[in-house]
Amino acid sequence: MRLLGAVRLSHETDDSTSPERQREVISGYAKVHGHELATITEDLDVSGAVSPFSRPNLGPWLTLPSMISQWDVLVIAKLDRLSRSLLDFSSLVRWCQANGKAIISVSESLDFSTPAGRLMANVLMMFAEFERERMSERRREAKDKIISNAQWNGGHVPFGYQAVKQGSGWMLAPDPVTAPLVREIADQIISGKSANSICRDLTAQGHLTSYGKTIWRSDVLIAILRSPVIKGWITTGNPPEIVRDIEGMPVTREPIVSDEIWSRIQLALDAASQAKGDRRSDAHLLLRVAFCAACGSTMYAQMKRSRGYGYYVCASRLQSTGCSEKSVRTDTLEDLVTSTLLAECGDVPMREKITAPVQDNSAELAKVSQAIEDLEEQFISGKISAERMAGLTSRLVARQEALRSAR
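As the structure is a computational prediction, the values presented were derived from the model and not from experiment.

1. Regarding the overall build of the chain
Stage number 1. Of regular secondary structure, the chain possesses 13 helices and 12 strands.
Stage number 2. Counting all 407 residues of the chain, 35% fall into the buried class.
Stage number 3. In the chain, the proportion of contacts linking residues at least 24 apart, taken out of those at least 6 apart, comes to 54%.
Stage number 4. Total accessible area on the chain stands at roughly 24000 Å², and carbon and sulfur atoms take up 53% of it.

2. Thoughts on the side chain of Asp175
Stage number 1. Checked against the element boundaries, Asp175 lands in the loop between strand E7 (169-174) and helix H6 (178-190).
Stage number 2. No salt bridge is formed by the buried Asp175. Its closest oppositely charged neighbour is Arg183, at 9.4 Å.
Stage number 3. Side-chain polar atoms of Asp175 contact the backbone nitrogen of Thr178, separated by 2.9 Å.
Stage number 4. Those residues in contact with Asp175 that lie beyond four places of it in its chain are Gly160, Tyr161, Gln162 and Pro180.

3. Overview of the packing of H6 against helix H7 (residues 195-204)
Stage number 1. Two elements in contact, H6 and H7, have axes whose closest approach is 10 Å; the angle formed by their N-to-C orientations is 145°. In the crossing of H6 with H7, the sense of the turn from one axis to the other is right-handed. Between H6, through Leu181, Ile185, Gln188 and Ile189, and H7, the contact on the second element is made entirely by Ala195, Ile198 and Leu202.
Stage number 2. Class assignment for the residues of the contact of H6 with H7 results in six nonpolar, one polar and no charged.

4. Remarks on the pattern of salt bridges
Stage number 1. What the rule picks out here adds up to nine salt bridges.
Stage number 2. As a salt-bridge pair, Arg217 and Asp219 come within 2.9 Å of each other at their nearest N and O atoms.
Stage number 3. What makes Arg217 partly exposed here is its relative accessible area of 42%.
Stage number 4. A relative accessible area of 43% places Asp219 in the partly exposed class.

5. Brief notes about the nonpolar core
Stage number 1. Ranked by internal contacts, the top residues of the largest apolar core, which has 26 residues, are Ile185, Ile189, Leu221 and Ile265.
Stage number 2. Elements supplying a minimum of two residues to this core: H6, H7, helix H8 (218-226) and helix H9 (259-277).
Stage number 3. By residue number, the principal contributor to this core is H6, which donates seven residues.
Stage number 4. Sequence-distant contacts of Leu221, that is, excluding residues within four places in its chain, are made with Ile185, Ala195, Ile198, Cys199, Leu202 and Trp216.
Stage number 5. The next biggest cluster of nonpolar side chains, apart from the first, holds 18 residues, and it includes Trp61, Leu92, Cys96 and Ile103.

6. Here's the deal with the packing of aromatic side chains
Stage number 1. Enumeration according to the criterion identifies three aromatic pairs in this entry.
Stage number 2. Between Phe53 and Trp95 the ring centres are 5.8 Å apart and the planes differ by 80°, which places this aromatic pair in the edge-to-face class. Of the two residues, Phe53 sits in the loop between strand E2 (36-44) and helix H2 (59-63) while Trp95 sits in helix H4 (residues 86-98), which places them 42 residues apart along the sequence.
Stage number 3. On the numbers, 5.3 Å between centres and 85° between planes, the contact of Phe159 with Trp216 is edge-to-face. Here Phe159 is found in the loop between helix H5 (115-148) and strand E6 (161-166), whereas its partner Trp216 is found in the loop between H7 and H8, with 57 residues between them in sequence.
Stage number 4. Over the ring of Trp262 we find Lys231, and its NZ or CZ is 3.9 Å from the ring centre.
Stage number 5. The ring of Tyr161 carries the charged tip of Arg253 above its face, separated from the ring centre by 5.7 Å.

7. Some points on the pairing of E6
Stage number 1. Of the strand pairs in this sheet, E6 and E7 are connected by six bridges, and their pairing is antiparallel. Across the sheet, Val164 pairs through a bridge with Met171, a residue of E7.
Stage number 2. Once E6 ends, the chain turns through two residues before running back antiparallel as E7, passing Gly167 with a positive phi of about 65°.

8. With respect to the sheet that holds strand E4 (residues 102-105)
Stage number 1. Spatially, E2-E1-E3-E4-E5 is the arrangement adopted by the five strands of the open sheet, whose pairing is mixed. Two strands in the sheet have a free side with no partner beyond their single neighbour: E2 and strand E5 (110-111).
Stage number 2. Lying on the sheet, helix H1 (residues 19-33) is in contact with strand E1 (2-9), E2, strand E3 (73-76) and E4; it crosses E1 at an angle near 165°.

9. Regarding the side chain of Gln22
Stage number 1. Relative to the assigned elements, Gln22 resides in helix H1.
Stage number 2. On the basis of relative accessibility, which here comes to 2%, the residue Gln22 falls in the buried class.
Stage number 3. When residues no more than four places from it in sequence are discounted, the contact partners of Gln22 are Ala6, Val7, Arg8, Leu9, Thr17, Ala77 and Arg81.

10. Observations concerning unusual backbone geometry
Stage number 1. One non-glycine residue, Asp45, lies in the positive phi region at around 60°.
Stage number 2. With respect to the helices, strands and loops of the structure, Asp45 is situated in the loop between E2 and H2.

11. Concerning the environment of Arg8
Stage number 1. Position of Arg8 among the secondary structure elements: in strand E1.
Stage number 2. Spatially, the C-alpha atoms of Arg8 and Ser83 are 8.8 Å apart, while their sequence positions differ by 75 residues.
Stage number 3. Beyond its immediate chain neighbours, meaning those up to four positions away, Arg8 contacts Gln22, Asp43, Val46, Ser47, Gly48, Arg55, Asp80, Arg81 and Arg84.
Stage number 4. At a separation of 3.0 Å, a polar atom in the side chain of Arg8 contacts the main-chain carbonyl oxygen of Val46.

12. Focus: the confidence of the model for the chain
Stage number 1. Summing up the model confidence of the chain, the mean pLDDT is 80 and the portion of residues at 70 or higher is 78%.
Stage number 2. This model gives residues 12-16 a pLDDT under 50, and the stretch forms four contacts once residues within four places in sequence are excluded.

Calculation notes
- For every chain, the first residue of the written sequence is number 1, and numbering continues from 1 onward in sequence order.
- Given that the model is predicted, a residue must reach a pLDDT of at least 70 before its local features are reported, and side-chain atom pairs must reach 80 or more before they are shown or counted; all residues, however, enter totals for whole chains, interfaces and linings.
- Note that the side-chain values use all heavy atoms of the structure and ignore hydrogens as well as water.
- The helix and strand labels rest on DSSP assignments: H or I over at least four residues marks a helix, E over at least two residues marks a strand, and numbering proceeds from the N terminus.
- Relative accessible area decides the class of each residue, using a 1.4 Å probe on protein chains only: under 20% of the type maximum gives buried, over 50% gives exposed, and in between gives partly exposed.
- Any two residues whose heavy atoms approach within 4.5 Å at even a single point are treated as in contact.
- Residue-level accessible areas treat just the shown protein chains as cover; the underlying method is Shrake-Rupley with a 1.4 Å probe.
- Asp and Glu count as negative and Lys and Arg as positive, but His and the ends of the chain are not part of the count.
- Note on definitions: salt bridges are taken to be side-chain nitrogens of Lys or Arg within 4 Å of carboxyl oxygens of Asp or Glu.
- Whenever a nitrogen or oxygen atom comes within 3.5 Å of another N or O atom, the pair is scored as a polar contact, on the condition that within protein one atom can donate a hydrogen and the other can accept it, and that pairs from neighbouring residues in sequence are kept only if both atoms are in side chains.
- Only the stretch in contact is used when fitting a helix axis, every axis being a line fitted to C-alpha atoms; angles between N-to-C directions are given from 0 to 180 degrees.
- Two helices crossing with the near one rotated counterclockwise from the far one by less than a right angle form a left-handed crossing, whereas a clockwise rotation gives a right-handed crossing.
- In this classification, Asp, Glu, Lys and Arg are treated as charged, Ala, Val, Leu, Ile, Met, Phe, Trp, Tyr, Cys and Pro as nonpolar, and every other residue, Gly included, as polar.
- To qualify as a nonpolar core, a set must consist of buried Ala, Val, Leu, Ile, Met, Phe, Trp, Tyr and Cys residues joined through side-chain atoms within 4.5 Å.
- Between the rings of Phe, Tyr and Trp (Trp by its six-membered ring), a pair exists once the centres lie within 6.5 Å; its type follows the angle of the planes, with under 30 degrees stacked, over 60 edge-to-face, and the other angles tilted.
- Comment: the charge-over-ring label is applied if NZ (Lys) or CZ (Arg) is within 6 Å of the ring centre and within 35 degrees of the ring normal.
- When DSSP finds two or more bridges between a pair of strands, those strands are recorded as paired.
- Residue-level confidence of the predictor is summarised by pLDDT, bounded by 0 at the bottom and 100 at the top.

Encoded structure:
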């Protein structure tokens, strides 16, 4: 018979299931029984949860007619090297029966072409599938344990933090360079400076984003300031969800800004967003103020998002009606007009002070109240079950009442 050998390995950690060992077992079986070995496919770093039909190297031998005709028996060194899914295994067995093929597992001495072989294979496959699910469960439990202990589970490091080795694991701690920068940006936002203006400064000063980009965008900056990560709250997943302890309170690490500062940042960003919403999307500082010196047409701003700035361009030139006057960078013209206006009229700052409302309760009570609101939002959006919502909320409400009675 013509044999098709199949080798699979998720991770090269066990000599008994190494690719070399699997090839030896398959080749030895072919030699002892005098069978022709058509080929041995290898799928390394491929999970047992992946269907044999979808594996990069084995899959074509099960799906392409020109390759299916080249073999009679599929041989594996061990049953779990074929699959760890009972459903996938059963589908493959039925496919083999329909196409006149057989499957043999050397280590278990199973010939799946016989009823007894199929029965024993189904039993073994059930255990293999159970073990795969338990492995996934153990990995999830380990990840949850790391996160609940405020440790870092790897991935992208948030701006303002750095990864620090601590014992056998890793933690995130405020970065001595970027954490002060986050605080400086927060102060500027609270004082009323726009995100666009801050981004221009950061780009000009050569500060890099957390992804190593040299050009800052306002949406990137606002995302950093909106995230509860900078006040020490730990999040996980995408979209990010707040990690909570058994009582429903957020799990925290060392913060970059305090809860009070973070709340003031949100108020300032909300106010800026509301004010921006009242303006036209195409409005700029010098709209209907700057006019072309050559033809007198209105100058319109065209932004280059990839560069972080734009140009004021003559409307006549945009419409290709004859004007060839050069365009002017938006920041250059706006700075020139602003400095000229201030020189003529005087530098009189006009600012509106925004003060965060003082909470009647303590900082701890505010945290508990916020935690209850966050849980309600997660329940409404379907992120947590009603049972978990009820359990966590009951503990938080009890804690809330205890704090109020202690005042």
